[in-house]
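Geometric and topological summary
Each chain, written out:
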Amino acid sequence: MPTLAEQLGAYAADLRYEDLPPEVIHQAKRMIVDTLGCALGGFDSEPARIALDHAATITSTEPATILCTGRQTSPELAAFANGVMIRYLDYNDGYIGREAGHPSDSIGALLTAAEIGRANGRELIVATVIAYEMFCRMCDIVNFKPMGFDHTTIGAMANVLGAARLMGLNREQIATALSITVAANVALYQTRIGNVSMWKGCAYANTSRNAIFFAQMAKRGMTGPAPVFEGRGGYFVAVTRKPFELAPFG
């Protein structure tokens, strides 16, 4: 039987634009446009300035563009800077299940992945749907806060599935990128409580940065820990404390 990472890798690789109902396509477009508006609003923020200043120190032979500036940097830092701008005002969408968060934060990673993967608008819509499916379905079945974990733990998975698809990875490579992501992105809920720092608005952007890097590594042949969910030191043991099953994706 395929592992959960393998099932998700197959879903992300195989979904087609033609599979999407018109209302889903419409909503994906709305979320992309809304998210770009949020990035414009967050551009002048102090966290965005910090991210932009750091991104400006890096050049790349595979550059990606930072929103609102036209500047180019490495793909990872472009995804991070874009994500910081998107999240700063806290005006982007929200989803509430057993866990809550902002699935459109993933669009920061997807825009960068689409650029370096030379993907078209239809592919960006498909990747947006993939990311939303992963994020929202996980929110429906797991409440991380009582266990001390942050919802960006889910966001990391949503990011890498969508980004890897846009970067042209196959089923096995996407499953590998997801496995690396799951093992390396267990974030703490302390980010959002107590004396809240700038990092609260940057934590999801950090998973966007990581998603690009992990997808690049998997595409080049890096292997990842498996089975990352079901293993005796895996996600079901260390994070959720019990196994779960995801309902079939649309």
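An account of the accompanying structure is given in this report. Think of each chain on its own: its residues are numbered from 1, step by step along the sequence as written. Local features are withheld for residues below a pLDDT of 70 in this predicted model, meaning they are given only at 70 or higher, and side-chain atom pairs are given and counted only at 80 or more; totals for whole chains, interfaces and linings count all residues. Neither water nor hydrogens contribute to the side-chain values; these are computed over all heavy atoms in the structure.

**Quick look at the packing of helix H5 (residues 107–116) against helix H7 (residues 152–166)**
Remark: H5 packs on H7, axes separated minimally by 8 Å, with the N-to-C direction vectors making an angle of 15 degrees. Classed by the angle they form, the pair H5 and H7 counts as roughly parallel. Once H5 is placed against H7, the crossing between them reads as right-handed. Between H5, through Ala 109, Leu 110, Ala 113 and Ala 114, and H7, the contact on the second element is made entirely by Asn 159, Gly 162, Ala 163 and Leu 166. By residue class, the composition of the contact of H5 with H7 is 6 nonpolar, 2 polar and no charged. Axis definition: a line fitted to C-alpha atoms, limited for helices to the stretch in contact. Angles are taken between N-to-C directions and run from 0 to 180 degrees. Think of it this way: any DSSP run of H or I at least four residues long counts as a helix, any run of E at least two long counts as a strand, and we number them from the N terminus. Comment on the angle field: the value is read as roughly parallel under 35 degrees, roughly antiparallel over 145, roughly perpendicular from 65 to 115, and oblique elsewhere. Helix crossings are classified by the rotation of the near helix relative to the far one: an anticlockwise turn of less than a right angle makes the crossing left-handed, while a clockwise turn makes it right-handed. By the convention used here, residues are in contact when the closest approach between their heavy atoms is within 4.5 Å. Only Asp, Glu, Lys and Arg are considered charged, only Ala, Val, Leu, Ile, Met, Phe, Trp, Tyr, Cys and Pro nonpolar, and every remaining residue, Gly among them, polar.

**With respect to unusual backbone geometry**
A cis amide bond, omega -5 degrees, links Ala 226 with the succeeding residue Pro 227. Topologically, Pro 227 is positioned in the loop between helix H9 (203–219) and helix H10 (235–238). A positive phi is found at Asp 90, a non-glycine position, where the angle reads about 65 degrees. Looking at where Asp 90 falls in the secondary structure, it is placed in the loop between helix H4 (75–88) and strand S3 (95–96). Among the residues examined, Asp 90 registers a relative accessible area of 39% and is labelled partly exposed. Positioned with a positive phi, Arg 118 is a non-glycine residue whose angle comes to about 55 degrees. Only protein chains enter the accessibility calculation, which uses a 1.4 Å probe; a residue whose area is less than 20% of its type maximum is buried, one above 50% is exposed, and one in between is partly exposed.

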